[in-house]
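Descriptive structure summary
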Amino acid sequence: MNKMIRNRRTLLLLALLIPGLALRADDVPMVKYTLDDSGDRMPLHTVVPAYPEKARRARVEGEVEVCFKVDHFGRTSRVAVRRSTNRVFEKPARDAVRHSTYYPLPDGQKLSGIKTCRTFRFLLTPVEVEVPDS
Amino acid sequence: MKGPSIQSIIRPIIVVGLCLTSATAASQASGPSKTVLGPQNPDLYHGANALLAGDGEEGVRLTLLGLERATNARERTSARSNLCAGYVVLKQLEIALAYCNEALADDDRYWRAYSNRALVYIKLGRLEEAEQDLQQAEALAANAHTVKLVRSVLLDVTNPVAPEIVIDDRRQPADEQDD
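Residues numbered from 1 in each chain as written. Chains lettered and ligands numbered in written order. Predicted model: local features only at pLDDT ≥ 70, side-chain atom pairs only at ≥ 80, totals over all residues. Heavy atoms only, no water.

Comments concerning the overall build of chain B
A count of helices and strands for chain B gives 9 helices and 1 strand. Going from the N terminus to the C terminus, chain B shows its helices and strands as α-α-α-α-α-α-α-α-α-β. Classification of the 179 residues of chain B by burial places 56% in the buried group. A fraction of 56% describes how many contacts in chain B between residues 6 or more apart in sequence connect residues 24 or more apart. Summed over all atoms, the accessible surface of chain B reaches about 7,700 Å², with 48% contributed by carbon and sulfur. (Helix = DSSP H or I, 4+ residues; strand = E, 2+ residues; numbered from the N terminus. Buried < 20%, exposed > 50% of the residue type's maximum accessible area, 1.4 Å probe, protein only. Contact = heavy atoms within 4.5 Å. Areas by Shrake-Rupley, 256 points an atom, 1.4 Å probe, with all protein chains shown as cover.)

A closer look at the pattern of salt bridges
Per the counting criterion, the structure on display carries 22 salt bridges over all chains. Between Arg83 of chain A and Glu65 of chain A there is a salt bridge whose closest N-O contact spans 3.2 Å. Of this pair, Arg83 of chain A sits in strand S4 (residues 76-84) while Glu65 of chain A sits in strand S3 (residues 62-70), and the two are 18 residues apart along the sequence. With a relative accessible area of 35%, Arg83 of chain A lands in the partly exposed category. With a relative accessible area of 4%, Glu65 of chain A lands in the buried category. We note a salt bridge from Arg151 of chain B to Glu131 of chain B, for which the minimum N-O separation is 2.8 Å. Linking Arg151 of chain B in helix H9 (residues 145-158) with Glu131 of chain B in helix H8 (residues 127-140), this pair joins segments that are 20 residues apart in sequence. Looking at Glu131 of chain B, the relative accessible area reads 24%, which means it is partly exposed. (Salt bridge = Lys/Arg side-chain N within 4 Å of Asp/Glu carboxyl O.)

Examining the environment of Tyr114 of chain B
Residues and elements named next belong to chain B. Note on placement: Tyr114 falls in helix H7 (residues 111-124). Between the alpha carbons of Tyr114 and Gln132 there is a distance of 8.9 Å; along the sequence they are 18 residues apart. With near-sequence residues (within four places) excluded, Tyr114 lies in contact with Leu104, Asp108, Asp133, Gln136, Ala137 and Leu140.

Some details on unusual backbone geometry
Residue and element names in this part refer to chain A. In this structure, Arg59 takes a positive phi of about 60° despite not being glycine. In this fold, Arg59 is placed in the loop between helix H2 (53-57) and S3. Residue classification places Arg59 among the partly exposed positions, given a relative accessible area of 22%.

What to know about a nonpolar patch on the surface
Together, Val31, Tyr33, Leu35, Met42, Leu44, Val48 and Tyr103 of chain A give the surface a local cluster of nonpolar side chains, amounting to about 590 Å² of exposed area. In this structure, Tyr33 of chain A sits in strand S1 (residues 30-34). (Patch = residues over 30% accessible without salt bridge, like charges linked within 9 Å, V, L, I, M, F, W, Y side chains within 5 Å.)

A word on the sheet that holds S4 of chain A
Strands in a sheet are paired, the pairing made by backbone hydrogen bonds, and the direction either parallel or antiparallel. Strand order in this open sheet of 5 strands is S1(A)-S1(B)-S6(A)-S3(A)-S4(A), and the pairing throughout is mixed. Every other strand in the sheet has two partners, leaving S1 and S4 of chain A as the edge strands with one partner each. Neighbour to neighbour, the strand axes of the sheet diverge by 20° on average, direction disregarded. Relative to S4 of chain A, S3 of chain A runs antiparallel, the two sharing 6 bridges. (Pairing = 2+ DSSP bridges. Axes fitted to C-alpha atoms, helices over the stretch in contact; angles between N-to-C directions.)

Overview of the confidence of the model for chain A
Residues and elements named next belong to chain A. This prediction gives chain A a mean pLDDT of 79; 74% of its residues lie at or above 70. Put simply, helix H1 (residues 2-22) is where chain A has its lowest mean pLDDT, 38, and helix H3 (residues 90-98) is where it has its highest, 97. Here residues 1-26 is a poorly scored stretch, pLDDT under 50, and it has 40 contacts once near neighbours within four places are set aside; other chains count. (pLDDT = per-residue confidence, 0-100.)

A few points about the packing of helix H3 (residues 42-52) of chain B against helix H4 (residues 56-68) of chain B
Two measures define how a pair of helices packs: the angle their axes make with one another and the distance between the axes. All names here are of chain B. Relative orientation of the contacting elements H3 and H4 amounts to 160°, with a least axis distance of 7 Å. Put simply, H3 runs roughly antiparallel to H4. Every pair of crossing elements has a handedness; the one defined by H3 and H4 is left-handed. Facing H3, whose interface residues are Asp43, Leu44, His46, Gly47, Ala48, Ala50 and Leu51, H4 presents Gly56, Glu58, Gly59, Val60, Leu62, Thr63, Leu65 and Gly66. Broken down by class, the residue content of the contact of H3 with H4 amounts to 7 nonpolar, 6 polar and 2 charged. (Parallel < 35°, antiparallel > 145°, perpendicular 65-115°, else oblique. Left-handed = near helix turned anticlockwise from the far one by under 90°. Nonpolar A, V, L, I, M, F, W, Y, C, P; charged D, E, K, R; others polar.)

Overview of the side chain of Arg117 of chain B
Residue position: Arg117 of chain B is located in helix H7. When neighbours within four sequence positions are excluded, Arg117 of chain B is seen to be in contact with Leu97, Cys100, Asn101, Leu104 and Asp133 of chain B.

If you want it as structure tokens, here you go:
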């Protein structure tokens, strides 16, 4: 019985938080991207991970380094977290890499076999407080 | 960067806060050694479920009936705390505050009432009192999910933050292949 109620609470919580999130335009993260053009593969489409709401609420920041291979066609594979400061950030970082792509290799060029690594830093920046009318 | 409207932050989580108020209080009221078949106070039980379903009017109506029929202090405290939450949903904050005060007069260690009252205070802009109630709730139930949510609501009002993602593709010195 208690489990059922807990499940209902979780469902309700999700149902209420999702529209709530839609109200918060500031939840769209600001993105800074530092590209390394010395490698043999150039990013084509870079997916930005979402800032985990649980971490934002708890004011937790963190960093995750994800390493992966890029195939001939620019698709990522063997995505793995190499280093992270908090597990809450690992899945968004992995998922972002999985959905990102690189430019395909030109015909005839061989894969280097070198892994690529990408570091994600999840930061929280103070914003201006809006004082409500009394 | 302009911060999000306080109302837009609080509104959804206020509802969460109230809905997480104990729905099981009625069935827990009789103590651990007694077998209970169904809730002892059906109105209180169904009122809590109505609140969980987001129906403030029905939740308040049933909880008021449950309060009339309460047979012990625990049920009365639970009912008053739930009424506090219900009236927040109905946007009747002064009535909500009165019920929270009554719940805490009944039992000054009832963390749900502190948590609910903190939400009322946030809604009323009485942030120092909200902070005090939240500290009480945290002292009594530090790991309660609702209390953590209320803390985040208060933080969003007093110290709003915007998420920022930095993607760094620069090769790190230790990046040399380990595979």
